[in-house]
Amino acid sequence: MSSAENTPSGKKILLAEPRGYCAGVDRAVETVEKALEKHGAPVYVRKEIVHNRHVVETLMNRGAIFVDETDEVPEGALVVFSAHGVSPAVHDSAADRNLRTIDATCPLVTKVHQEAKRFARDDYDILLIGHEGHEEVEGTAGEAPDHVQLVDGPDSVDRVTVRDESKVIWLSQTTLSVDETMQTVSRLREKFPLLNDPPSDDICYATQNRQVAVKAMAPQCELVIVVGSQNSSNSVRLVEVALQAGANASYLVDYARDIDLAWLEGVQTVGITSGASVPEVLVRGVMDLLQEHGFDGVESVTTAQETLTFALPRELRPARAK
C-alpha cells in the first residue's frame, strides 16, 4: 500500500483491520442465500437477518420476505430466524403455525441464551446489560423472563433490585461497547459486591476487535467514517469509540452517497471502518469517493487477524457422501 509521503496531497486514509463481516453475520446471510437456492423464493425471514440496509435490500431482491412476527408467515411456509436470536415463545408460535424453521442465530448469541437458562435453573437473578428493545436482548430475556432484569447503561443501575445478593450474575448483549459495559458492571458491583461474572466473555470477539482497531486508529484521524446502519448496535458503538479515542469527528453512513463533503474540509487523515454486518463493497465505495477528493494514500491499521468461521445450520449443510 502506498504511504502518505508518496502522494501529492498528503491526504490519506487509515483503514481499520479487522472491520466488516464477522463469522456470525457471514453465516446468517449465507443461510438465507442457501435457503433460497435450495427451496426457491419466497423464503420468509423474521426481522432483519442482520442490521444492514444494503444486505436486507439485496436479499429482498432475490426473494426473501422480511416480517416482524411469525404470524405474518403463511402456514407451513419456511421461515429463517435472524442472527440476533429469538425467545422460546417465538419457536412455539412458529410450531403452532406448522412453519418450517431454520435458525440463523449467531452461535455467540446462543451461548448467552444457554447461560441465561443455566443460571435461571439455579435460581439466580440475572442482570442483562443491553439496550432496551434490541432484538438480541428480547431473545435472551425471553429464555428466562422471571429471572432476567435489563440494565440499560450505568444510569439504570439505581433501579435494580434483587432477591438474594449472593445469587446475582450479569450477562451482556454481544454487540455493546466493552468500555461502557464495564462501567455498568463496576456500578453494579458497587451496589452488589457479590456480583458474579459470566463464565465466559459475552461481548463478541468481533465487536471487541473492531473497537480495538478504531481505538488504535482514531487518535491519528481528524475524521472517522463508520460504514453501517443506524439500527446496528455495534456500528453505532464504533462512532462513540472513535470520538472517545480522540477523533475530532465521526459519522455513521450506509453508503458513500451519505457523506457530506463539508466533513472533509481541512481534514488530512480520514479513518474508515465498518460494523460487523457490513459487506466490503460498501467500504470500497467510501474509499473511491475519498480518493476522488484527494485522499490518495491508504494505510492499514491492523490490531488482530480473524480466522473464526461457523458451520451453516444443519438443514443447509451438504449431505455427506455415504
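Computed from a prediction, not measured in an experiment: that's the story for all the values here.

Re the sheet that holds strand S10 (residues 249-253)
Strand order across the open sheet formed by five strands is S10-S9-S11-S1-S12, with parallel pairing between neighbours. Each of the sheet's edge strands pairs with one partner strand only, and the pair in question is S10 and strand S12 (297-302). Averaged over neighbouring strand pairs, the angle between their axes works out to 25° when direction is ignored. Inspection of the sheet shows strand S9 (residues 223-227) paired to S10 by five bridges, in the parallel sense. Bridging from a neighbouring strand, Val 226 pairs with Leu 252 of S10. Packed on one face of the sheet, helix H7 (residues 205-217) meets strand S1 (12-17), S9, strand S11 (269-274) and S12 and runs near 150° to S1. Helix H9 (residues 280-292) rests against S1, S9, S10, S11 and S12 of the sheet, and its axis sits at about 165° to S11.

Section: the packing of aromatic side chains
Applying the stated criterion across every chain, the model contains two aromatic pairs. The interplanar angle of 80° and the centroid separation of 5.3 Å between the aromatic rings of Phe 119 and Tyr 124 together place this pair among those described as edge-to-face. Tyr 124 carries the same exposure label as Phe 119, and that label is buried. Plain terms: the ring middles of Tyr 251 and Trp 263 are 3.8 Å apart, the flat faces sit at 5° to each other, and that makes the pair stacked. Of this pair, Tyr 251 sits in strand S10 while Trp 263 sits in the loop between S10 and S11; the two residues are twelve residues apart in sequence, bridging distant segments of the chain. Residue Tyr 251 is classed as partly exposed on the basis of its relative accessible area of 30%.

Regarding the nonpolar core
Judged by nonpolar contacts, the single largest core of 24 residues is most densely connected at Leu 223, Val 227, Val 270, Ile 272, Val 286 and Leu 290. For this core, the secondary structure elements donating two or more residues are S1, S9, S10, S11 and H9. By residue number, the principal contributor to this core is H9, which donates six residues. In contact with Leu 223, other than residues within four places in its own chain, are Ala 249, Tyr 251, Trp 263, Leu 264, Val 267, Thr 269, Val 270 and Gly 271. Counting 23 residues, the second largest nonpolar core, distinct from the first, contains Val 32, Val 50, Leu 59 and Cys 204.

Concerning the confidence of the model for the protein chain
Averaged over every residue, the pLDDT of the protein chain is 95; the share at 70 or more is 97%. Within the model, pLDDT remains below 50 along residues 1-7, and this stretch shows twelve contacts once partners closer than five positions in the same chain are excluded.

Quick word on the packing of H7 against helix H8 (residues 233-244)
Their axes nearest at 9 Å, the elements H7 and H8 cross at an angle of 25°. With respect to H8, the axis of H7 lies roughly parallel. Here H7 and H8 pass one another in a crossing that is right-handed. For the pair formed by H7 and H8, the contact residues are Thr 207, Arg 210, Gln 211, Val 214 and Lys 215 on the first element and Asn 234, Arg 237, Leu 238, Val 241 and Ala 242 on the second. When the residues that make up the contact of H7 with H8 are grouped by side-chain class, the tally is four nonpolar, three polar and three charged.

Definitions and cut-offs
Residues numbered from 1 in each chain as written. Predicted model: local features only at pLDDT ≥ 70, side-chain atom pairs only at ≥ 80, totals over all residues. Heavy atoms only, no water. Pairing = 2+ DSSP bridges. Helix = DSSP H or I, 4+ residues; strand = E, 2+ residues; numbered from the N terminus. Axes fitted to C-alpha atoms, helices over the stretch in contact; angles between N-to-C directions. Contact = heavy atoms within 4.5 Å. Phe/Tyr/Trp six-rings, centres within 6.5 Å; stacked < 30°, edge-to-face > 60°. Buried < 20%, exposed > 50% of the residue type's maximum accessible area, 1.4 Å probe, protein only. Core = buried A, V, L, I, M, F, W, Y, C linked by side-chain atoms within 4.5 Å. pLDDT = per-residue confidence, 0-100. Parallel < 35°, antiparallel > 145°, perpendicular 65-115°, else oblique. Left-handed = near helix turned anticlockwise from the far one by under 90°. Nonpolar A, V, L, I, M, F, W, Y, C, P; charged D, E, K, R; others polar.

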